[in-house]
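# Overview (structure and organization)
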Amino acid sequence: MSQAQALRFKRPLIKLSGEALMGGASYGIDAAALQRFAGEIVGCQRLGAEVGVVVGGGNIYRGLAGAARGMDRVAGDHMGMLATVMNALALAHAVRAEGASARVYSGLSMPAVCRPFQRDDAAADMASGACVIFAGGTGNPYFTTDTAAALRAAEMGCDGLLKATSVDGVYSADPKTDPSATRYDAVSYAEVLNRNLRVMDAAAIAIARDNRIPVLIFSLLQAGAIPGALTGATRATLIDGA
């Protein structure tokens, strides 16, 4: 069996939060964290996967938090989209430094710095072996980068959506605040929605469900977590139709 055949998903879409790029810092991009994630993403490619990435912007600006402080929600969400573009450009540079090809597409048009999202071009880049990084969310306010990840996964024909988090799967409650929370190895889309398990927003789960895209929730805290999620070595919870 080849390495590519051994993978859980051959064309995964990886959702990487902006907060993950902070490493141990309180703001911005930590160089060591950026290098680590780029290396793990390239490691997935070297296992035979065609990789897409959606990156968040919470390490720089979060529109919903801005709205809670009185910022206009639409303006705040646009600022958050700009933050994702900054992170995507940094991640693309780090991927190239690892010796791989990377392309950045943005749902928010800014052709001077990256390509406007175009499905066929992005799909061709993924098929050619480039790491395709999707920035700018969906290009619209009121939608999270989780929803953008599910949408891009559907558009790119991805066979799995990998959401990297700070916990090792889906729990009945937040395990950081409730030590009695139950962890699930597998859970259905319907259970996530009906029980409001809050691992991704409802729109993202609905898109994954309607397009039959399994979602894998895993922790980034251990080195090698991203390629491990593809090979089954990383502890994770699978969300699917079962």
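Coordinates for the structure precede this section.
We now turn to the structure provided with this report. (Residues numbered from 1 in each chain as written. Predicted model: local features only at pLDDT ≥ 70, side-chain atom pairs only at ≥ 80, totals over all residues. Heavy atoms only, no water.)

If you look at the biggest cluster of nonpolar residues, it comprises 46 residues, and the most contacted ones within it are Leu16, Val53, Leu91, Ile133 and Phe218. By residue number, the principal contributor to this core is helix α4 (residues 73–97), which donates eight residues. Non-local contacts of leucine 91, meaning those with residues more than four positions away in its chain, are made with Leu16, Leu34, Ala38, Ile41, Val53 and Ile133. Among the nonpolar cores identified, the runner-up in size contains 29 residues, and Met156, Val170, Val187 and Ile205 belong to it. (Core = buried A, V, L, I, M, F, W, Y, C linked by side-chain atoms within 4.5 Å. Buried < 20%, exposed > 50% of the residue type's maximum accessible area, 1.4 Å probe, protein only. Helix = DSSP H or I, 4+ residues; strand = E, 2+ residues; numbered from the N terminus. Contact = heavy atoms within 4.5 Å.)

This part covers the pattern of salt bridges. Where charged atoms from two side chains of opposite charge come close, those side chains can pair. Scanning the entire structure with this criterion turns up twelve salt bridges. Its salt-bridge partner being aspartate 146, residue lysine 163 comes within 2.9 Å of it at the nearest N-O pair. Separated by 17 residues along the polypeptide, lysine 163 in strand β6 (residues 160–165) and aspartate 146 in helix α6 (residues 145–155) bring together distant segments of the chain. As far as the burial class goes, lysine 163 and aspartate 146 line up, both buried. A single network of salt bridges, built from pairs that share partners, joins Asp168, Arg183, Asp185 and Arg235. (Salt bridge = Lys/Arg side-chain N within 4 Å of Asp/Glu carboxyl O.)

This part is about the side chain of threonine 147. Structurally, the position occupied by threonine 147 is in helix α6. According to the relative accessible area criterion, threonine 147 is buried, its value standing at 5%. Leave out the neighbours within four places in its chain, and threonine 147 touches Thr138, Asp201, Ala203, Ala204 and Ile207.

Structurally, the α-helix is built with 3.6 residues per turn, so residues lying three or four positions apart point the same way. With 25 residues, α4 should reach 36 Å at 1.5 Å per residue; the first-to-last C-alpha distance of 36 Å fits that figure. Looking at where α4 begins, the residue whose side-chain oxygen comes 3.3 Å from the main-chain nitrogen of valine 74 is aspartate 72. Taken from the residues just after α4, glycine 99 is the one with a positive phi, measuring 90°. (Expected span 1.5 Å × (residues − 1). Polar contact = N/O pair within 3.5 Å; in protein donor to acceptor, adjacent residues only side chain to side chain.)

What follows is about the packing of helix α2 (residues 31–46) against α4. For any two helices packed against each other, one specifies the crossing angle of their axes together with the interaxial distance. At a minimum axis distance of 8 Å, the contact between α2 and α4 shows a crossing angle of 60°. When you trace α2 past α4, the crossing you get is right-handed. Residues Leu34, Ala38, Ile41 and Val42 of α2 form the contact with α4, whose participating residues are Ala90, Leu91, Ala94 and Val95. (Axes fitted to C-alpha atoms, helices over the stretch in contact; angles between N-to-C directions. Left-handed = near helix turned anticlockwise from the far one by under 90°.)

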